[in-house]
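Now for the letters of each chain:
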Amino acid sequence: MFGNASSIHKEGQTARQVIENARDAVARLVGAAPRDIVFTSGGTESNNAAIFGALSGGERSHIVTTAIEHPSVLEAARRFDATFVPPNRDGMVPAADVIGAIRPETRLVTVMLANNETGVIQPVEAIGEAARARGIHFHVDAVQAAGKIAIDVEALHCDTLSLSAHKMHAPKGIGALYVRRGVSMLSHLVGGAQERRRRAGTENVPLAAAFGEAARLAMTPMPPTLRDLFESRLGNDVTVNGANVPRLPNTSNVTFHGADGEGIVIALDLSGVAVSTGSACSSGRVEPSPVLLAMGLSADDAKSTVRFSLSRFTTEEEVDQVTHLLKQLLPRCRRPPKS
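Analysis parameters
Residues numbered from 1 in each chain as written. Predicted model: local features only at pLDDT ≥ 70, side-chain atom pairs only at ≥ 80, totals over all residues. Heavy atoms only, no water. Helix = DSSP H or I, 4+ residues; strand = E, 2+ residues; numbered from the N terminus. Rg over C-alpha atoms; globule rule 2.2 N^0.38 Å. Buried < 20%, exposed > 50% of the residue type's maximum accessible area, 1.4 Å probe, protein only. Areas by Shrake-Rupley, 256 points an atom, 1.4 Å probe, with all protein chains shown as cover. Lys, Arg positive; Asp, Glu negative; His and termini not counted. Charge placed at Lys NZ, Arg CZ, Asp CG, Glu CD. Salt bridge = Lys/Arg side-chain N within 4 Å of Asp/Glu carboxyl O. Polar contact = N/O pair within 3.5 Å; in protein donor to acceptor, adjacent residues only side chain to side chain. Contact = heavy atoms within 4.5 Å. Axes fitted to C-alpha atoms, helices over the stretch in contact; angles between N-to-C directions. Parallel < 35°, antiparallel > 145°, perpendicular 65-115°, else oblique. Left-handed = near helix turned anticlockwise from the far one by under 90°. Nonpolar A, V, L, I, M, F, W, Y, C, P; charged D, E, K, R; others polar. Pairing = 2+ DSSP bridges. Patch = residues over 30% accessible without salt bridge, like charges linked within 9 Å, V, L, I, M, F, W, Y side chains within 5 Å. Expected span 1.5 Å × (residues − 1). 1 Å grid on protein atoms, 1.4 Å probe; cavity = no way out; pocket = protein on both sides within 12 Å on 5 of 7 lines; lining within 4 Å. Points joined across faces, edges and corners; volume = space filled by probe spheres on them. Right-handed = clockwise from strand over helix to strand, strands pointing away.

Engineer: Would you explain the overall build of the protein in this entry?
Structural biologist: When you go through the protein residue by residue, the secondary structure sums to 13 helices and 12 strands. At 21 Å, the protein has a C-alpha radius of gyration in line with the 20 Å of a compact globule built from 339 residues. For the protein, the spread of C-alpha atoms along the principal axes amounts to about 70 × 50 × 40 Å. Across the 339 residues in the protein, those meeting the buried criterion constitute 51%. Element-wise, carbon and sulfur atoms account for 53% of the exposed surface of the protein, whose accessible area totals about 15400 Å². The averaged location of the 35 negative side-chain charges in the protein is 4 Å from the averaged location of its 35 positive side-chain charges.

Right under this line is the structure:
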């Protein structure tokens, strides 16, 4: 459907209907009204749009956020006067600490619903309720959580909430921003009147259609069955980070004490298993995860940590395969003791 969804001819209106059907599906996924959903290019744009849109013209405004946010939030927040609240050892940022960091000049509080490395679910409902009572804009980055757990924007008390389609098996390059009705925000892209003048630019019909289909398939939350089975088979001398607090049902962040996390990633990759660890810097080295360091892990333990992500399509046989491979390769990935 190559018609321009903003045109009034038949081809354009056919494309428009595809866009609106997708908008309705995404809205239902998070308990919103379709008119409150703005399509974007992904989670980064959605987070940037929420932060800069809420704080436009207020360079001296104060932001409260956490030390474990996605870089698209952290880097945006650093352009303002920001307080970065650290997590506890379990990877959760206490609601009282976030609320306690609010100052009279605070104009925005932004907290992710679930961390993308540990899967730990943050206490956003209590934070949102406190921000709403103070008249402060509350933004939630729900990119990692959407499609895994149930989300209700009303229960979260959020003014804006970001989503990304590729986290739900849709193509990369499209996301969405929920904007609560009545919230005033400056548009981050100007030009045409698309998306109720909240984001200019010709709509991407095929990607929106894919996002809508993915949202329909993701309406049922994922069970933690396979994640728990995987973790139960890891054996001794490992720590599952965040195991004592609520987590996403598909994420296991595991510290293999004394092992080389990068070596584990490479060895598994050679066997056809894709996992991740750390964050790549410009020099090509793998640095310890800032999230894990903020949680209080040592640099050595952070470098020994690997994130395993399961999906709706992961099977028990695949879990068996990965745990079997780990038992084989871990002895080869142990670091020599320090002299």
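Additional details are given in the paragraphs that follow.
Engineer: What am I meant to see in the pattern of salt bridges here?
Structural biologist: Should their charged atoms come close, side chains of opposite charge can pair. Per the counting criterion, the structure on display carries 17 salt bridges. Among the salt bridges present, the one from R181 reaches D36, with a minimum N-O distance of 3.6 Å. Separated by 145 residues along the polypeptide, R181 in the loop between β7 (175–179) and α7 (194–197) and D36 in the loop between α1 (10–30) and β1 (37–40) bring together distant segments of the chain. Salt-bridge contacts for D237 lead to R334; the nearest nitrogen and oxygen are separated by 3.6 Å. Highlighted residues: D237 in the loop between α9 (225–232) and β8 (238–240) and R334 in the segment after α13 (316–329), separated in sequence by 97 residues. D237 gets classed as partly exposed once you look at its relative accessible area, which sits at 45%. The class of R334 is partly exposed, set by a relative accessible area of 34%. Via salt bridges that share partners, R16, E20, R23, E195 and E203 belong to a single interconnected network.

Engineer: How should I be thinking about the side chain of E45 in this particular structure?
Structural biologist: Tracing the sequence through the fold places E45 in helix α2 (residues 43–55). Separated by 2.7 Å, the side chains of E45 and H188 make a polar contact. For E45, the contacting residues outside a window of four places in its chain are T40, H188, L189 and R199.

Engineer: What's the story with the packing of α9 against α13 in this structure? I'm lost.
Structural biologist: Axis angle and axis distance: for two packed helices, these are the angle between their axes and the distance between the axes, and together they describe the pair. In the contact formed by α9 and α13, the axes pass within 10 Å of each other and the chain directions differ by 20 degrees. Taken together, the axes of α9 and α13 are roughly parallel relative to one another. Along this stretch, α9 crosses α13, giving a crossing that reads as right-handed. Contacts from L226, L229 and F230 in α9 reach E316, V319, V322, T323 and L326 in α13. Among the residues making up the contact of α9 with α13, the classes are represented as 6 nonpolar, 1 polar and 1 charged.

Engineer: Just checking my understanding: could you explain the sheet that holds strand β12 (residues 305–309) for this structure?
Structural biologist: Pairing between sheet strands relies on hydrogen bonds along the backbone, with the strands arranged either parallel or antiparallel. Spatial strand order, β8-β9-β12: 3 strands in an open sheet with antiparallel pairing. Each edge of the open sheet is held by one strand with a lone partner, namely β8 and β12. Going across the sheet, the axis of each strand differs from the next one's by a mean of 25 degrees, ignoring polarity. Note that β8 and strand β9 (residues 251–256) share 3 bridges and pair antiparallel. Residue pairing for β9: T239 is matched across the bridge by T255. Packing against the sheet, α9 makes contact with β8, β9 and β12, and its axis sits at approximately 10 degrees to β9.

Engineer: Just checking my understanding: could you explain a negative patch on the surface for this structure?
Structural biologist: Together, E125, E129, D152 and E154 make up a region of like negative charge exposed at the surface. Relative to the helices and strands, E154 resides in helix α6 (residues 153–156).

Engineer: What am I meant to see in α13 here?
Structural biologist: What sets the pattern is the α-helix's 3.6 residues per turn: residues three or four places apart point alike. Look at α13: 20 Å from first C-alpha to last across 14 residues, which is about the 20 Å you get at 1.5 Å a residue. Contact partners of the buried residues in α13: α9, β9, α10 (261–270) and β12.

Engineer: Where do I start with the layout of surface pockets in this structure?
Structural biologist: Roughly 970 Å³ of volume is contained in the largest pocket. Taken together, 46 residues make up the lining of the largest pocket; nearest its centre are Q144, N250, S309, L310 and S311. Of all the elements in the fold, those that place two or more residues in the lining of the largest pocket are α2, α8 (205–217), β12 and α13. Broken down by class, the residue content of the lining of the largest pocket amounts to 19 nonpolar, 20 polar and 7 charged.

Engineer: How should I be thinking about the sheet that holds strand β5 (residues 137–141) in this particular structure?
Structural biologist: Strand order in this open sheet of 7 strands is β1-β7-β6-β5-β4-β2-β3, and the pairing throughout is mixed. Looking at which strands have only one partner, the edges of the open sheet turn out to be β1 and β3 (81–85). Here the strands of the sheet are splayed against their neighbours by 20 degrees on average, with no regard to which way each runs. Relative to β7, strand β6 (residues 160–164) runs antiparallel, the two being bridged by 5 bridges.

Engineer: When you look at the pairing of strand β4 (residues 106–112) in this model, what are you seeing that I'm missing?
Structural biologist: Both faces of the sheet carry side chains from a regular strand, because those side chains alternate between them. Burial analysis of β4 places 6 of its 7 residues in the buried class, the great majority of the element. Where strand β2 (residues 62–66) meets β4, 3 bridges bridge the pair, whose relative direction is parallel. Bridge assignment links H62 to a residue of β4, and that residue is T106. In the sheet, β4 pairs with β5 via 5 bridges, with the strands oriented parallel. Looking at β5, one finds that L108 is bridged to H137. For the crossover that starts at β4, traverses helix α5 (residues 124–133) and ends in the parallel β5, the hand is right-handed.

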